[in-house]
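Secondary and tertiary structure notes
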2 protein chains.
Amino acid sequence: PGVDLVLPDIGYLEQERTNLAGIVITHAHEDHFGALLDLWPRLRVPVYATAFTALLLAAKAASEPGLEPVPITLVRPGQRIAIGPFEVEYIEVAHSIPQSHALAIRTPLGLVVHSGDWKIDPSPAIGPPTDAKRLQELGEEGVLALFCDSTNALREGHSRSEADVARAVAQLIDEAPGRIGFTTFASNAGRVLSIARAAAAAGRDVVVAGRAMRRVIDVATELGMFEGAPPFLDEEAYAHLPREKVVVLLSGSQGEPRAALSRVAREEHPRIALSPGDMVVFSARAIPGNEIAINAIVNQLIMRGITVITDEERSVHASGHPRRDELRQMYAWLRPRIAIQVHGEALHMAAHARLARAAGVPSVMMIEDGTMVRLAPGDVEKIDDLPVGRLYKDGRLVGDVDAIGVIQRRRLSFSGHIVVSVVLDERGDAIIDPEIVMTGIPVED
Amino acid sequence: PGVDLVLPDIGYLEQERTNLAGIVITHAHEDHFGALLDLWPRLRVPVYATAFTALLLAAKAASEPGLEPVPITLVRPGQRIAIGPFEVEYIEVAHSIPQSHALAIRTPLGLVVHSGDWKIDPSPAIGPPTDAKRLQELGEEGVLALFCDSTNALREGHSRSEADVARAVAQLIDEAPGRIGFTTFASNAGRVLSIARAAAAAGRDVVVAGRAMRRVIDVATELGMFEGAPPFLDEEAYAHLPREKVVVLLSGSQGEPRAALSRVAREEHPRIALSPGDMVVFSARAIPGNEIAINAIVNQLIMRGITVITDEERSVHASGHPRRDELRQMYAWLRPRIAIQVHGEALHMAAHARLARAAGVPSVMMIEDGTMVRLAPGDVEKIDDLPVGRLYKDGRLVGDVDAIGVIQRRRLSFSGHIVVSVVLDERGDAIIDPEIVMTGIPVED
């Protein structure tokens, strides 16, 4: 309640700061680098990332007053870099944001691979496909342990390609009689490029509404990822474009109340408006917990006569995570001696663990946040449980549940609040009548 | 926040009470009869329902102190009954609770059908399949308007049969090495029967944990719906049953924190415990908004070594609502002149409206809560927007958003609360230092 951001409690890492050789960022999604700006000042160790990630981080730091920029050691995709006693190799993988990487971490006791977030996509919208050849070579070299993405470990088959999404998007733009709004995750530059290309092919201009989306477009443009794409116009251009000549990119696919999409749905956006017969495409999925906010927006749009298309009806979204056939392929390439499941709810990690066992991995270990594991020498073993927890950010303050007052706020919202002011004199007698102020308390007639 | 129940604001119906001939209940799901006990005293008009629905309502009234029982005029499945100027016929349909009905409402100006909640299931677990013959006859007679369930109007094909679920349930019970817990909607007596039969066939006893589930079982038993089922044991029996000889029914499939499932997951249930190797089956789907609470329970179970099965992996749940092929079948049977979509988010109603048009219905009308429509004579037309809204129940109080203090509570949870006590004398000078009490306010070091 009233909290802007939930961050991990890195108290243990702060204690072990002198043993921390560096922070290696695989890609620029919020759940992989979002806490860096707030927490790096507590660690001040070297940070490694590729250009796209570093530029997005810099743009984010610049947009929020009071944040200290974080110095980044730039890595090129595919590069090997020495970090303390380790050698870390960035291996290109396809995912729903440019420049995503798996990490091959060479240690004196063996080669450890961390998959990062990945999928196998023969035709990503931006960047190369997952580097199958390099992963096979690592398998030949011998992999001690694989830490691997579990998000879609319950889903059979193979994830949808971005090329399929591009086709569905182009078809919708061809069919639409009026304006079309697309909402997607701001960081999905490949999706934005697919939409922009389809718009240009249909003779439509592309308008961008939303700061986060503009930020990603600027960074991708700076790195040459959008070559051949049409220009991305600002909101000001919208009013001058005919209905059948415009595609508008709207931030806020998760129902965020202050984002462009939500304001357009409520007819409160200063420059972007939609009318009956226009269309809004949700080129995204609902992150669990956001369903109610998203449904409210969909309902508002539909009751105003605007057509809404979701991925239930058309192939307008593709997950960036591997399904079961892709996981099997990764195990076939790497043939690790140890498999440790990461990135997913416990349900997904458990299904992933069963798949890894079925794929012939000799040692499969389920861990939790804070589990310390010895991979070598000897058999893999859990050796400690470290303290973990959460920090909360409210405005510029970062603190634990007590410091931010989270539990008290929950109680206030459950029960309301009553203040009774009593003024007593020295003898303990009331001087005036008690005064009662009630906030959030039910009132009976 | 802190609200127990959200109810519709029936202020308009209260004004029009003398024009209200009665309340006709199609089936005993909470979103169809849940507000009756709280709001009926404001209307005091005749209420019609079948025995299963009436008995569940009575059991609910008896379980909550201070609620007045509602007198019910009992209707038999298939019966026709005169209500004011109307004749209402109860038509049996398959759904996820026993004794669900569509309504054929004969009026001086034509025949109106309300589908209620329904699906086409050739083998429901309890009760007859949807009465196709009667619906076809109504189509022959000529239907002025159909009000029809939109829940699954985005899903192609035909909904899964309860017989498929029964098979999947039996297979899981056969495979399970230890205890098996099933959680499902308490009102789904057919599902409970399928689970109990499969348990008996596998030589396992059935234990019931959860008051709502016990209440439904008692009513279904009283009405002879559970003939041939094994006895349903109380929680006390659990401790004496061997692991491989027990199936336990757990209430709380939506993650309700005080329900049996949630307490078992937290190891806080006084009588029911599960151990590593046991299994919990979610024979239900997540109602949007409950995902996070459900995920937390799944994670707790899995991290304790308990196997969790959801309908993502096995066919352990079937929706009670019609998919697109079933909707098409309904329109083919009834051939209404007017189609009005109900029961679903706007997204589903819009898809349903397109389907109805494609099925050849001449007049298709999208409405909102509070839209007043004239069906006849003349063309169908929206003629008024009536006031609608929500009431909130907190403890025994029912009131609107201001009376219950909902907005103030939200503000408290967002910002916290500061009280400053200042005592001034007659001249306006402070007598003592101001006293400050902060609740839910972030504290900086």
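The rules behind these values
Residues numbered from 1 in each chain as written. Chains lettered and ligands numbered in written order. Predicted model: local features only at pLDDT ≥ 70, side-chain atom pairs only at ≥ 80, totals over all residues. Heavy atoms only, no water. Buried < 20%, exposed > 50% of the residue type's maximum accessible area, 1.4 Å probe, protein only. Helix = DSSP H or I, 4+ residues; strand = E, 2+ residues; numbered from the N terminus. Arc of directions from axis to C-beta. Contact = heavy atoms within 4.5 Å. Axes fitted to C-alpha atoms, helices over the stretch in contact; angles between N-to-C directions. Parallel < 35°, antiparallel > 145°, perpendicular 65-115°, else oblique. Nonpolar A, V, L, I, M, F, W, Y, C, P; charged D, E, K, R; others polar. Least-squares fit on C-alpha atoms with pLDDT ≥ 70 in both. 1 Å grid on protein atoms, 1.4 Å probe; cavity = no way out; pocket = protein on both sides within 12 Å on 5 of 7 lines; lining within 4 Å. Points joined across faces, edges and corners; volume = space filled by probe spheres on them. Pairing = 2+ DSSP bridges. Salt bridge = Lys/Arg side-chain N within 4 Å of Asp/Glu carboxyl O. Phe/Tyr/Trp six-rings, centres within 6.5 Å; stacked < 30°, edge-to-face > 60°. Lys NZ or Arg CZ within 6 Å of the ring centre and 35° of its normal.

1. Overview of helix 14 (residues 406-415) of chain B
Taken together, the buried positions of helix 14 of chain B are Val 406, Arg 409, Leu 412 and Ser 413 of chain B. Seen along its axis, helix 14 of chain B keeps its buried residues to an arc of 120°; they face one direction. Exposed residues lying more than 90 degrees from the buried face of helix 14 of chain B are Arg 411 and Phe 414 of chain B. The inward-facing, buried residues of helix 14 of chain B abut helix 14 (406-415), strand 22 (417-421) and strand 23 (435-439) of chain A together with strand 20 (390-394), helix 13 (401-404) and strand 22 (417-421) of chain B. Downstream of helix 14 of chain B by a residue or two, Gly 416 of chain B has a phi angle that is positive, lying close to 75°.

2. What about the packing of helix 5 (residues 132-141) of chain A against helix 11 (residues 324-334) of chain A?
Residue and element names in this part refer to chain A. Between helix 5 and helix 11, the shortest axis-to-axis distance is 6 Å and the interhelical angle comes to 50°. Of the possible angle classes, the one that applies to helix 5 and helix 11 is oblique. In this structure, helix 5 contributes Ala 132, Leu 135, Gln 136, Leu 138 and Gly 139 to the contact, and helix 11 contributes Met 330, Trp 333 and Leu 334. For the contact of helix 5 with helix 11, the residue count by class is six nonpolar, two polar and no charged.

3. What to know about the relation of the copies chain A and chain B
Superposition record for chain A on chain B: RMSD 0.1 Å, screw rotation 180°, translation along axis 0.1 Å. Between the two chains, the operation in question is that of a two-fold axis. Taking C-alpha positions as reference, the residue of chain A nearest the rotation axis is Ser 413 of chain A, located at 2.5 Å. Interface residue correspondence from chain A to chain B reaches 100%, placing this contact among same-surface, isologous pairings.

4. Notes on the layout of surface pockets
Roughly 600 Å³ of internal volume is contained in the second largest pocket. Forming the walls of the second largest pocket are 20 residues, and the residues nearest its centre are Val 422 and Val 423 of chain A together with Ser 421, Val 422 and Val 423 of chain B. Elements represented by at least two residues in the lining of the second largest pocket include exactly strand 22 of chain A together with strand 22 of chain B. Each residue belonging to the lining of the second largest pocket can be placed in one class, and the counts come to 14 nonpolar, two polar and four charged.

5. A word on the pairing of strand 5 (residues 80-83) of chain B
Residue and element names in this part refer to chain B. What you see with strand 5 is a clean split: Ile 81 and Ile 83 sit on the buried side and Arg 80 and Ala 82 on the side with no burial. Pairing of strand 5 with strand 6 (residues 86-93), which is carried by four bridges, proceeds in the antiparallel orientation. Bridge pairing in strand 6 places Ala 82 opposite Glu 87. Taking the residues between adjacent antiparallel strands as the criterion, strand 5 and strand 6 are bridged by two residues, where Gly 84 takes a positive phi near 55°.

6. Brief notes about the pattern of salt bridges
Residue and element names in this part refer to chain A. Within the structure shown, the criterion is met by 70 salt bridges over all chains. For Lys 393, the salt bridge is made with Glu 64, and the minimal N-O distance between the two is 3.0 Å. Placement of Lys 393 in strand 20 (residues 390-394) and of Glu 64 in the loop between helix 4 (51-63) and strand 4 (72-74) is noted, with a sequence separation of 329 residues between them. Residue classification places Lys 393 among the buried positions, given a relative accessible area of 6%. You can call Glu 64 partly exposed: its relative accessible area is 32%. Two residues, Glu 140 and Arg 335, come together in a salt bridge whose shortest N-O distance is 3.3 Å. Of this pair, Glu 140 sits in helix 5 while Arg 335 sits in the loop between helix 11 and strand 16 (338-342), and the two are 195 residues apart along the sequence. Classification of Glu 140 as exposed rests on a relative accessible area of 65%. One salt-bridge network, held together by shared partners, links Arg 80, Glu 87, Glu 89, Arg 106, Lys 133, Arg 134, Glu 137 and Glu 141.

7. Quick look at the sheet that holds strand 2 (residues 23-24) of chain A
All names here are of chain A. Strands sit in the order 2-3-4 across an open sheet of three strands; the sheet is parallel. A strand with exactly one partner marks an edge of an open sheet, and here the two such strands are strand 2 and strand 4. Pairing of strand 3 (residues 47-49) with strand 4, which is carried by three bridges, proceeds in the parallel orientation. Residue pairing for strand 4: Ala 49 is matched across the bridge by Leu 74. Set on the sheet, helix 4 makes contact with strand 3 and strand 4; between it and strand 4 the angle comes to about 155°.

8. Side note on the packing of aromatic side chains
For the structure shown, the criterion picks out two aromatic pairs over all chains. Over the aromatic face of Phe 33 of chain A sits the side chain of Lys 60 of chain A, whose NZ or CZ is 5.3 Å from the ring centroid.

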